[in-house]
Amino acid sequence: MILTILFLAIVHACEPRPRKVEFALYPFDIKDVTLLDGPFKNSKHLNEEILLSFEPDRFLAGFRTEAGLEPKAEQYGGWETSSIAGHSLGHYLSGIAMMYQATGNEEFLNRLNYIVDELYIVQQANGGGYLGAFPDGQRVFEEEIAKGEIRASGFDLNGIWAPWYNHHKIFAGLRDAYILAGNQKALEIAQNFANWVDTIVGHLPSETVSEMLVCEWGGMNEVLADLYGLTGNREYLRLARVFHDYILDSLAVGIDILDGKHANTQIPKVIGLARQYELTSKGADRETAIFFWDRVVNYHSYVTGSNALNEFFGPPGELRNRLGPHTGETCNVYNMLKLTSHLFRWAPDAKFADYSERAIFNHILASQHPETGGVTYHININKAGFKFFQDPLVFTCCVGTGMENHAKHGRYIYYHNQGNLFVSQYIASELNWRERGVRLRQETRYPQEQGSQFEFFTDQPQEFTFNIRYPSWAEAGMEILVNGEPFPFEQSPGNFIPISRTWTTGDIVEVNIPFTLRIETMPDDTNRIALVYGPLVLAGDLGPVRDPRIYDLVYVPLFVTNDRNPNNWTVPVSGQYNTFETSDIGKPRNVTLRPFYTIYDRRYSVYWDLSAEQTWMDREASHLAILEEQRILDERTIDFFQPGDIDEERSHLFEGPQSTSHEHRNRDHRITLANGWFRFNLRTLPNQPVALNLEYWGGGYRREKSFDILVEGQKIASEDITKARGDHFFTVEYEIPAELTRGKNQITVELRAQARRIAGPLYGARTVRR
């Protein structure tokens, strides 16, 4: 008996302790930082209005329905009527918890408490553990997954769209409701939910779990580790470690395995690993998180701090040809900022604050419409791109993270430890350092102003070190004045500058950081550049979104020069902050360059190509040749039909119940569902040879686009446009047999999808003289 007790004591001593790593820095609560006038205060205000416009009972409707309870309101649409229903409620809980801290508005607390109470009712109706709004979820988990019956692909688990990702959002919302708003019941619900999770996966063999984790699983390891930290219950740490896959194992040994991987599937799981390190001191978890951060930031990210094309990482260091309308998913940046905050707390390295500044100013702030508050899914950094701001009621993943992004701006500005105060970001704000009886007011119009002023207010004199970030981009140096006197320092850009003294009310620190204009190149093409002014990515204003010239090859100018110093070929625009005009080098025209975050409802380019004069001459000749080709086609045209245009479709007797209209590159088009069709009429010539000319997009597709082309009910050709043919539109001409047009002034053209395929997208159709 004694030996048994001794053995158990030894085993217990070897288990991870429920203790935290000693952080180098701590963030302040959101409630301790008040935003002052500026773009971030405006951003928070717009988000506040949107969050208050949502109806909690509509978020809760799916949860009540799945629990067999009568919903109190109609369920929201968009993604909330799909098999990922429910994720938005998790984001909403987090968003209103943050906004309650940021504003003190009791309405946010009332809504939060109401939602938590309702979730408790739902959970009890489900048997005391499960929470879910997607159809048939509880049965699938308890009768299939818990028995090891797994059917998994990247975003589908047993017929449900990424259910663990969804559960992660609910856990995170409950966690934030408890930590930020003090709702004790939220913690109880989260524990019940975690106990249910244990009944599903806690007993599964590792091979089965690996098969299951092929499907996106969000940050389940993060929220379960958080529960361990909040409760001290080791079972939650054990459960967190169930959610661990081969991607993390590869990163742990220094292998960049990210090429071809869905970006936002990976980032949350690394955040979870970082959180496990903080709770267990397991060094391998720390090193894995640091390695991943370095690879994403330095090998997979664009100049804006965003990453991924079409949601996927590419080969490390190869970004030149990874531009498109779906670059830079906002969820990715949201999660990279979360990971960066973890790493910054471990070691106060200014590189983490520098990355945060780049991402906050050039993506997060740019992702919100400054008048309506609408947010972007992706931020298009393609040439001649524009920002598409989503309808808030569509409830995509980035609408969800947008609820949080613009509620927590104050979280990234200041950090502290026992003897130090750190300024990470230059954002107009006031800090209340309650433990030290210190208030700090940061007065600035940054980035319209190149610097900031800090004024101290203390209950009594306080001795500590005030650390100011010296940005890595500050090529022209930085000046610091303390109470009007120059403060000497030896640090170089990319460090913090410490000012140690006893601080009293009225002390003022002035910081001046001259912005400089510079180029940053693609890692794999030094002639594809972006222009950056201080912390700000500049974009060239190319005019209205629907400008028909946008598809001219020369609409996005080349920068024709061998000079790599942009100060020699730009001039500041008088009366406009941080704005420049190119001078002489833009072919066929110069452009105005503005901060990217300020451009909306306009087309723009972030990246530009530097070229020699001969390249421009070749491009101009190619452009003129295409114009001539278009002129000849127009002369041959008998009739033209524009799919997707309501007037055109009416006049051409369009039919297509199994098709939908969309817009791409400012062009309307039609596309069918699988096995679908659409048809329309075109004028023809009764006694002359005629051809059919159809216009497609050459960028390539994931799903197979193969279809038959029929004229007057007879197949004249088959087409497959699945494979990429180049980043441009192209036309294909099909000969129409004479007997199909003989004696007719009009013909019916039909596109019919082949088995399990899709027809289209079709951007234009015309009958032409052969």
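Above this text sits the structure in question.
Residues numbered from 1 in each chain as written. Predicted model: local features only at pLDDT ≥ 70, side-chain atom pairs only at ≥ 80, totals over all residues. Heavy atoms only, no water.

1. A few points about the sheet that holds strand β5 (residues 160–161)
Note the threshold: For two strands to be treated as a pair, DSSP must find at least two bridges joining them. What counts as a helix is a DSSP run of H or I of at least four residues, what counts as a strand is a run of E of at least two, and both are numbered from the N terminus.
Taking strand neighbours across the sheet as the criterion, the three strands line up as β3-β4-β5 in an open arrangement whose pairing is antiparallel. Every interior strand has two partners, whereas the edge strands, β3 (152–153) and β5, have only one. For strand β4 (residues 156–157) and β5, the ladder comprises two bridges, and the chain directions are antiparallel. Considered in β5, the bridge of aspartate 156 is made with tryptophan 161.

2. Concerning the side chain of arginine 295
The condition that has to hold: In what follows, a contact means two residues having at least one pair of non-hydrogen atoms within 4.5 Å.
Along the chain, the position of arginine 295 falls in helix α14 (residues 283–299). Sequence-distant contacts of arginine 295, that is, excluding residues within four places in its chain, are made with Asp256, His300 and Pro316.

3. Focus on the packing of aromatic side chains
We count it as follows: Side-chain rings of Phe, Tyr and Trp, where Trp is taken by its six-membered ring, are said to pair if the distance between their centres is within 6.5 Å; with planes under 30 degrees apart they count as stacked, over 60 as edge-to-face, and otherwise as tilted. Burial classification: accessible surface area is computed with a 1.4 Å probe over protein chains only, and a residue below 20% of its type maximum counts as buried, one above 50% as exposed, and the rest as partly exposed. A positively charged side chain is recorded as over a ring if its NZ (Lys) or CZ (Arg) lies within 6 Å of the ring centre. The angle to the ring normal must also be within 35 degrees.
Across all of its chains, the model carries 52 aromatic pairs by this definition. Residues tyrosine 446 and phenylalanine 515 carry aromatic rings whose centres are separated by 5.8 Å and whose planes lie at 90° to one another, so their mutual orientation is edge-to-face. With tyrosine 446 in the loop between β9 (438–443) and β10 (451–458) and phenylalanine 515 in the loop between β15 (508–512) and β16 (517–522), the pair connects residues that are 69 residues apart, well separated along the chain. Across this residue pair, the class does not change: tyrosine 446 and phenylalanine 515 are buried. It is lysine 387 that lies over the ring of phenylalanine 596; its NZ or CZ is 4.4 Å from the centre.

4. Quick word on the sheet that holds strand β34 (residues 746–753)
We count it as follows: Axes here refer to lines fitted to C-alpha atoms; in helices the fit is confined to the stretch in contact. Angles between the N-to-C directions go from 0 to 180 degrees.
Pairing in this open sheet of four strands is antiparallel, and the strands run β29-β34-β31-β32 from one edge to the other. Of all strands in the sheet, those with a lone pairing partner are β29 (677–683) and β32 (714–720), marking the two edges. In this sheet, adjacent strand axes meet at a mean angle of 20° when their direction is disregarded. Sheet analysis places strand β31 (residues 706–711) next to β34, joined by five bridges and oriented antiparallel. Bridge assignment links leucine 710 to a residue of β34, and that residue is glutamate 750.

5. Focus: the environment of serine 82
Along the chain, serine 82 turns up in the loop between α3 (56–66) and α4 (87–103). Along the primary structure serine 82 and tyrosine 114 are separated by 32 residues, whereas in three dimensions their C-alpha atoms are 24 Å apart. Excluding residues within four positions of it along the chain, serine 82 makes contact with Pro135 and Trp161.

6. Some points on the pairing of β9
Only one face of β9 is buried: it carries Val438, Leu440 and Gln442, and the other face, with Arg439, Arg441 and Glu443, is open. Linking strand β8 (residues 429–433) to β9, which pair antiparallel, is a turn of four residues; within it glycine 437 sits at a positive phi near 65°.

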